[in-house]
Amino acid sequence: MIRRRTGDSSSSWATLKPSAVANLSAVLFGIAIWLALFLGSPCAHGAVAKQSGRGTDARQTKGTPTIAATPERVEVTAASGSTEIGWNTGNGSTGFVFVTANGREPVLVAKGPEGSRVISWIRTGSYIFELYGDAERRALLATVTVSGVAEPGSPPRTGLLHRQLRWLLVAVLFAVLYFAVYLSSTGPQRTEFPAEPTTSPQPLHVARNLLLGLAAFICVDGVVFHTRLYTSILAPDSYAGRMAVITRAEKHRASSGLKEVLVLGDSRMAEGFSAAVANELSSVAGLKFVNVAEPACAVNIWHYVLREVDPTGRRYWAIVVPYGIGFEPNSADPLRISMAAPLLRYGDCFNFASAFQRWSGRFRAFTACILRGSAFQSDLVDFLEHPSARARSVQLEAKTLHSRDVYKGRDSDIVGTSYDPKTGQVTLPPRLTEAQREAVRDSLVKPSQSETQDFLRMQRDGIQKILKRYSASPTAIVLTPVPRGPFAGLPGASMTFHAAFPTVPTQKAVLSLPEQTFDFLEKPEYYFDGLHLNAKGRQGFTETLVAQLVGHLQSADSDGQLHSDSKTVAGRFSSGIHGSGNRSSRDNHISNKLMNEAN
Amino acid sequence: MLFNSFQYWIFFLIVVTLFYSVPFRIGKLLLLGASYVFYMWWDPRFIVLILTSTVVDYFLGIFLERAAGYRKKLLLVVSLVVNLGILGFFKYYDFFAGSLAALLHVSESSLVLRIILPVGVSFYTFASLSYTIDVYWGKMKAVRNLIDYAFFIAFFPHLIAGPIIRARQFISQIQFWQRPTTIMVQSGIILVLSGLIKKMVFADRFAAVSDTYFNHPSAHPGWLAAWSGCIAFSMQVFFDFSGYTDIARGCAKLLGFEFPLNFARPLLSRNPRDFWRRWHMTLSAWVRDYLFIPLGGARKGPLVLYRNLMVVMVLVGLWHGASWTFVVWGTYQGILLVGYRLFNQVTAGTAISRLMNKRYFEPLSVALMFTSFVIGMPFVRAKTLQASGYVLSGLFGFQHVTGEFLLTTGTIVLIFISLFLAVAQECTQFIDRLALQPARIQVPAYVCAFLALELFPATGQVPFVYFQF
């Protein structure tokens, strides 16, 4: 029935032109039915996919830009589904693939003259992938639409019922609208439209009501977003959702009875460190490792993670804090704020805001502490648009945690990639995916002096906060370098990530692993892209870190060094921004230099 | 400095605080200075244009009042030449030069100057013109205080995108200014909140859909995509402009000034005539008083009336933008107005007329008018006639494909919400009357408004559509 009406559409418009008078009502009903049909009709989506499919299946000719998705109709199982986007600008120029997800702001997902990328976060709705010739989205080259459709788990009869229900809902809505407009009729056409009233029969309390409204609003936000009411239903696959799930799980995890070691970090620690491997290796020493490192979890968030999972400050035997890690551009501010939001409290507003370089970031961070809901805008809209999908994905929270526990790392590597630090020339083997190529190239971009300074300041402040928190605690703080990248060992190599450690005055003795500990891992065979260790690298990194830790912590414990007085970890590593050739001090153990600066 | 930016509200807070901490005669100067700062925020160079227009019309007003006969007419012509000259040069020179170059088959670069359009030029030129014409007609006395006149032209809430205020309504407010009453402040706050919601929650969300479609219509063939894009843009342009006007009126009220109503639920209009009574009311009233009636209005028979309607609407189209697409849009609006009058004439006293006047037919009339409005949108949004034609062919199914349905669940919900709110406002004026309600109603309303602004604004700051006009 739906298709028949669709087919008739052009003819009904054609009839409008010759005699509008006679067909007014017919046309109106036609329009209403058109809207009704495609507001709720799943057939519309089917038709879309079919159409798009025709377009993207066309054979590519030289010079013709193409973008294709396989598949275009993605069945969303659990929380998300995946599709592979392949593109080619056709002339060797760099193309930019943007995605507009469900009508939101376009986001860059890939770039390069050609390539493919697996998009694993397709949810129910429409995703328009557009290939542009420029980053400013001026020259559109090709487009493809991917439709995320709910898993066909329900039997056909239920599907039919759903469809009928949607139809019924649309019909009811139109009927209600019709009667609403009908009832709004004011008789003869209006020529006067009264503006706001100018007098009031009773005294008004403008300021009082406004302030009451403001106070009530802050209370409502507090009740909904500062409690578990909303954070418990955050999308588990979002950054904020993952952070909430992981910290909640860790907070409520029963004590193992062993000496627990918590590992912090961003994606490099998440990919590089395996708690499972570490637990196997250290079982003899009676250690249990917990990895709460998460992609995009920058150093200024770790303090809040610790406050959440370790409220007393005495839960862990040691906390591993990576340094020289994670240069984040300012454009990532909203992401970092959203990620930290589930952990923020009212009192954090000034502290958290001061960690951002730009005023816009500071304002947003400040607001997120007072009005936490502002950090969950996208999540809330997504929840309202797909409540049932959200409910399903939230129910699978345990599965998310389990998949994290059993994750073994990625098998691919970038062997065959070469880099000449002098010329900046990068040679990439053809087998690499576009994502890998892009990540390798990005990792070799040197941040500016000011960006480096900002990052070092953020790192210093973040680590200092952690040290201050644990200054009177028996918990050992372990500062560890992280492998910087596959080419960091080359003389003169410029790296986005580096091992420079900022001056940190502290009242607590800290254990810091030698800067060169992981130099042996800075080779292409241990990486799956320009920044992250693969499964082999993960194994090597975990084994080495555990061995170093067990040795140092045990000796430090027996020496009683961890409970000495005010200390500093001050500039022991000279700026390694430009690679290993610039390193000077390589002292391996706890810095015992006393620092008079009391916090 | 956009009304929906944090920057503007800091500016406004400073201005309000300073304004109320000094006597009005100083406060007036302060507001004038703030208005010039507000204008120069975009491009300080164009302050010269406003100052020129202000000074010229101020003195012409005084001379006009004293003059008589031929000399009076000459002074009016001078005013028209100066004001329309500024508008014509900065807004239309490139358009006409480009069209001429195309006609003569000469290089466009040899004629076109690539002039930057000064923001708000269309609005303050019309405000200024209304003053000199009113003085010429003797409808008001010339303003004797240059500061008052400059304040009328440059007062920042209406400077960039209206509403178009008239000197005879506004000058007296300056001369006899009084502190705003409690209810005025209350209404001002409600208008500001309502405007921000219209802009940030409604307009900017529709903008995401309409931009997706109109930035590259050829990437989204099919009637479904075309209707999605055009409906989204229709909603965007209404909420954007109406939101701007609400904020402007609200800010003015908070400073003790009243601006006229500019929108009265235009998407509930039953016919084209009703539409132009509800949409951009200050522009409609301006063209009616200063163009349509002087041309003869409806007094000289139906043919002259139809001609006048067409002329006025083409000029209204051109006022919106220097492009052939706006000329076509204006013509289309003219055709709708003329067509509606003809239709009424032909069907008067027939069963069709009786049917259409029935109450149960009204919702269908509203739907038909909305559809007519949407069909005109390709000419407002698309950059070229060719692109407009492409979208139009999509709307009428000439692309022979279904296409993508671009409206998201969220935007569909917003359409329904906005329709219900519009109907409720039409019936009960509930938003206007909110100012009179007790705390038990006002406080929850504030909470809802704040929550909407906190949780549902579209990402990114989208400029107001009417800035380009």
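What you are looking at is a predicted structure, and each value in this text was computed from that prediction instead of being measured.

Peer 1: Describe the overall build of chain A, naming the residues involved and giving the relevant values.
Peer 2: Scanning chain A from N- to C-terminus turns up 19 helices and 17 strands. When each of the 599 residues of chain A is scored for burial, the buried share is 51%. A separation of at least 24 residues holds for 75% of the contacts in chain A among residues at least 6 apart in sequence. Summing over all exposed atoms, chain A offers an accessible surface of approximately 26500 Å²; the carbon and sulfur share of this is 58%.

Peer 1: Please give an account of the overall build of chain B that cites residues and values.
Peer 2: The number of helices and strands found in chain B is 20 helices and zero strands. A separation of at least 24 residues holds for 75% of the contacts in chain B among residues at least 6 apart in sequence. Entry remark: accessible area of chain B is about 17900 Å², with carbon and sulfur atoms responsible for 69%.

Peer 1: Go over the nonpolar core with me, naming the residues and quoting the values.
Peer 2: Of all hydrophobic cores here, the largest spans 206 residues; its most connected members are Leu 264 of chain A together with Phe 152 and Phe 257 of chain B. A total of 20 residues in this core trace back to one element, the largest contributor, which is helix α10 (residues 223-254) of chain B. Residues within four places of Phe 257 of chain B in sequence aside, it is in contact with Phe 24, Leu 31, Phe 151, Phe 155, Phe 170, Gln 173, Ile 174, Trp 177, Met 184 and Ala 252 of chain B. Core analysis: the next-biggest nonpolar cluster, separate from the first, contains 35 residues, Val 320, Ala 476, Leu 545 and Val 546 of chain A among them.

Peer 1: Explain the packing of helix α2 (residues 24-40) of chain B against helix α6 (residues 146-154) of chain B residue by residue, including any values.
Peer 2: All names here are of chain B. The interhelical angle for the contact between α2 and α6, taken along N-to-C directions, is 40 degrees, at an axis separation of 10 Å. Classified by the angle between their axes, α2 and α6 sit oblique to one another. Of the two possible hands of crossing, α2 and α6 adopt the one that is left-handed. Contacts from Lys 28, Leu 29, Leu 31, Leu 32, Ser 35 and Tyr 36 of α2 reach α6 at Ile 147, Asp 148, Ala 150, Phe 151 and Ala 154. Across the contact of α2 with α6, the residue classes tally to eight nonpolar, one polar and two charged.

Peer 1: Residues and numbers for the interface of chain A and chain B, please.
Peer 2: Residue-level contacts link 81 residues of chain A with 83 residues of chain B. Here chain A packs against chain B, burying approximately 7300 Å² in sum over the two surfaces, 71% of which is carbon and sulfur. Inspection of the chain A/chain B interface yields zero salt bridges. Inspection of the region where chain A meets chain B yields seven residue pairs in polar contact (both at pLDDT 80 or more). At the level of elements, α1 (2-16), α2 (20-40), α3 (42-56), β7 (125-132), β8 (140-150), α4 (156-184), α5 (206-225) and α14 (377-385) of chain A are the ones that each hand at least two residues to the side of chain A that touches chain B. Of the residues forming the side of chain A that touches chain B, the biggest block, twelve residues, is contributed by α5 of chain A.

Peer 1: Talk me through the side chain of Ser 388 of chain B; I want residue IDs and the actual numbers.
Peer 2: All names here are of chain B. Of note, Ser 388 is situated in helix α17 (residues 385-395). By relative accessible area, Ser 388 is classed as buried at 0%. Looking at Ser 388, its side chain comes within polar contact range of the main-chain oxygen of Pro 378, at 3.2 Å. Within the structure, Ser 388 has its side chain in polar contact with the backbone oxygen of Thr 384 (distance 2.9 Å).

Peer 1: Give a detailed account of the environment of His 252 of chain A, specifying residues and quantitative values.
Peer 2: Residue and element names in this part refer to chain A. Summarising the element assignment, His 252 is placed in helix α7 (residues 239-252). Between the C-alpha atom of His 252 and that of Val 309, which follows or precedes it by 57 residues, the distance is 8.2 Å. In this structure the side chain of His 252 is engaged in a polar contact, spanning 3.0 Å, whose partner is the backbone oxygen of Arg 248.

Peer 1: Account for the pairing of strand β11 (residues 318-322) of chain A, naming residues and giving values.
Peer 2: Residue and element names in this part refer to chain A. Most of β11 is tucked away, with five of its five residues classed as buried. Neither face of β11 is open: one carries Ala 318, Val 320 and Pro 322, the other Ile 319 and Val 321, and all of them are buried. Looking at chain direction, strand β9 (residues 259-263) and β11 are connected through three bridges and run parallel. Looking at the pairing, Leu 262 lines up with Ile 319 of β11. When β11 meets strand β14 (residues 476-480), the two strands line up parallel, connected through five bridges. Note that in β14 the partner of Ala 318 across the bridge is Ala 476.

Peer 1: Any chance you could break down unusual backbone geometry for me, citing the residues and the numbers?
Peer 2: Thr 70 of chain A connects to Pro 71 of chain A through a cis peptide bond whose omega is -5 degrees. Within the element layout of this structure, Pro 71 of chain A appears in the loop between β1 (66-70) and β2 (73-76). The backbone of Arg 265 of chain B shows a phi angle near 50 degrees, a positive value even though the residue is not glycine. Here Arg 265 of chain B is to be found in the loop between α10 and α11 (272-278).

Peer 1: Lay out the pattern of salt bridges in plain terms, naming residues and giving numbers.
Peer 2: Residues and elements named next belong to chain A. The final tally for this structure, using the stated rule, is 30 salt bridges over all chains. Residue Glu 308 is joined to Lys 251 by a salt bridge in which the shortest nitrogen-to-oxygen separation is 3.7 Å. In this pair, Glu 308 sits in helix α10 (residues 299-309) while Lys 251 sits in helix α7, placing the two residues 57 residues apart along the sequence. Classification of Glu 308 as buried rests on a relative accessible area of 17%.

Peer 1: I'd like a rundown of helix α9 (residues 182-215) of chain B, residues and numbers included.
Peer 2: All names here are of chain B. Its 34 residues give α9 an end-to-end C-alpha distance of 46 Å, which sits within 8% of 50 Å, the value for a rise of 1.5 Å per residue. Where α9 bends most, the angle comes to about 35 degrees, and this point is Ala 203. Judged by how many residues are buried, α9 sits mostly within the fold: 29 of 34 residues are covered.

Peer 1: Now, about the packing of aromatic side chains: what can you tell me, with residues and values included?
Peer 2: When we look at a pair of aromatic rings, we describe it by the centre distance and by the angle of the planes. Residue and element names in this part refer to chain B. Applying the stated criterion across every chain yields a total of 77 aromatic pairs over all chains. On the numbers, 6.0 Å between centres and 80 degrees between planes, the contact of Phe 19 with Phe 24 is edge-to-face. Grouping residues by exposure puts Phe 19 and Phe 24 together as buried. With a centroid separation of 5.2 Å and 55 degrees between ring planes, the pair formed by Trp 279 and Phe 373 is classed as tilted. Pair noted here: Trp 279 is in the loop between α11 and α12 (281-292) and Phe 373 is in helix α16 (residues 362-381), with a separation of 94 residues, a long-range link. Here the basic side chain of Arg 45 rests over the ring of Phe 46, its NZ or CZ set 5.6 Å away from the ring centre.

Peer 1: Tell me about the environment of Ser 338 of chain A, and name the residues and values.
Peer 2: Residues and elements named next belong to chain A. Take Ser 338: it is sitting in helix α11 (residues 333-340). For the pair Ser 338 and Gly 373, spaced 35 residues apart in the sequence, the C-alpha separation amounts to 9.7 Å. Setting aside anything within four residues of it in sequence, one finds Ser 338 in contact with Ala 240, Ala 375 and Phe 376.

Peer 1: Tell me about the sheet that holds β11 of chain A, and name the residues and values.
Peer 2: Residue and element names in this part refer to chain A. Ordered in space as β10-β9-β11-β14-β16, the five strands form an open sheet in which the pairing is parallel. For this open sheet the edge positions go to β10 (287-291) and β16 (510-512), each flanked by a neighbour on one side alone. Pairwise comparison of adjacent strand axes, ignoring direction, gives a mean angle of 25 degrees for this sheet.

Peer 1: I'd like a rundown of the side chain of Ser 374 of chain A, residues and numbers included.
Peer 2: You can see Ser 374 of chain A is positioned in the loop between α13 (359-370) and α14. Among the polar contacts listed, one links the side chain of Ser 374 of chain A to the backbone oxygen of Leu 371 of chain A, at a separation of 2.7 Å. Filtering out sequence-adjacent residues up to four positions away, Ser 374 of chain A remains in contact with Thr 367 and Ala 368 of chain A together with Glu 454 and Leu 455 of chain B.

Peer 1: Describe α14 of chain A, listing the residues and the values that go with them.
Peer 2: Every buried residue of α14 of chain A is accounted for by Gln 377, Asp 379, Leu 380, Val 381, Asp 382 and Glu 385 of chain A. Check the buried side of α14 of chain A and you find it contacts α6 (228-231) and α15 (387-395) of chain A together with α9, α18 (409-428) and α20 (439-455) of chain B.

Peer 1: So what about the confidence of the model for chain A? Which residues, and what values?
Peer 2: Residues and elements named next belong to chain A. Per-residue confidence for chain A gives a mean pLDDT of 73; residues scoring 70 or more make up 72%. pLDDT under 50 marks residues 1-62. Its contacts with residues more than four places away, or in other chains, come to 89 contacts. This stretch, residues 561-599, has a pLDDT under 50; its non-local contacts, to residues over four places away or in other chains, come to 102 contacts.

Peer 1: Tell me what's going on with a nonpolar patch on the surface, and back it up with residues and numbers.
Peer 2: Together, Phe 363 of chain A together with Phe 6, Ile 10, Ile 14 and Leu 18 of chain B make up an exposed nonpolar region whose accessible area comes to about 460 Å². Considering each element in turn, the nonpolar patch owes the most residues, four residues, to helix α1 (residues 6-20) of chain B. As for its position among the elements, Phe 363 of chain A is in helix α13. Among the residues examined, Phe 363 of chain A registers a relative accessible area of 40% and is labelled partly exposed.

Basis of the calculations
Residues numbered from 1 in each chain as written. Chains lettered and ligands numbered in written order. Predicted model: local features only at pLDDT ≥ 70, side-chain atom pairs only at ≥ 80, totals over all residues. Heavy atoms only, no water. Helix = DSSP H or I, 4+ residues; strand = E, 2+ residues; numbered from the N terminus. Buried < 20%, exposed > 50% of the residue type's maximum accessible area, 1.4 Å probe, protein only. Contact = heavy atoms within 4.5 Å. Areas by Shrake-Rupley, 256 points an atom, 1.4 Å probe, with all protein chains shown as cover. Core = buried A, V, L, I, M, F, W, Y, C linked by side-chain atoms within 4.5 Å. Axes fitted to C-alpha atoms, helices over the stretch in contact; angles between N-to-C directions. Parallel < 35°, antiparallel > 145°, perpendicular 65-115°, else oblique. Left-handed = near helix turned anticlockwise from the far one by under 90°. Nonpolar A, V, L, I, M, F, W, Y, C, P; charged D, E, K, R; others polar. Buried area = accessible area lost by both parts, 1.4 Å probe. Salt bridge = Lys/Arg side-chain N within 4 Å of Asp/Glu carboxyl O. Polar contact = N/O pair within 3.5 Å; in protein donor to acceptor, adjacent residues only side chain to side chain. Pairing = 2+ DSSP bridges. Expected span 1.5 Å × (residues − 1). Bend = angle between axes of the 7 residues up to and from the residue. Phe/Tyr/Trp six-rings, centres within 6.5 Å; stacked < 30°, edge-to-face > 60°. Lys NZ or Arg CZ within 6 Å of the ring centre and 35° of its normal. pLDDT = per-residue confidence, 0-100. Patch = residues over 30% accessible without salt bridge, like charges linked within 9 Å, V, L, I, M, F, W, Y side chains within 5 Å.

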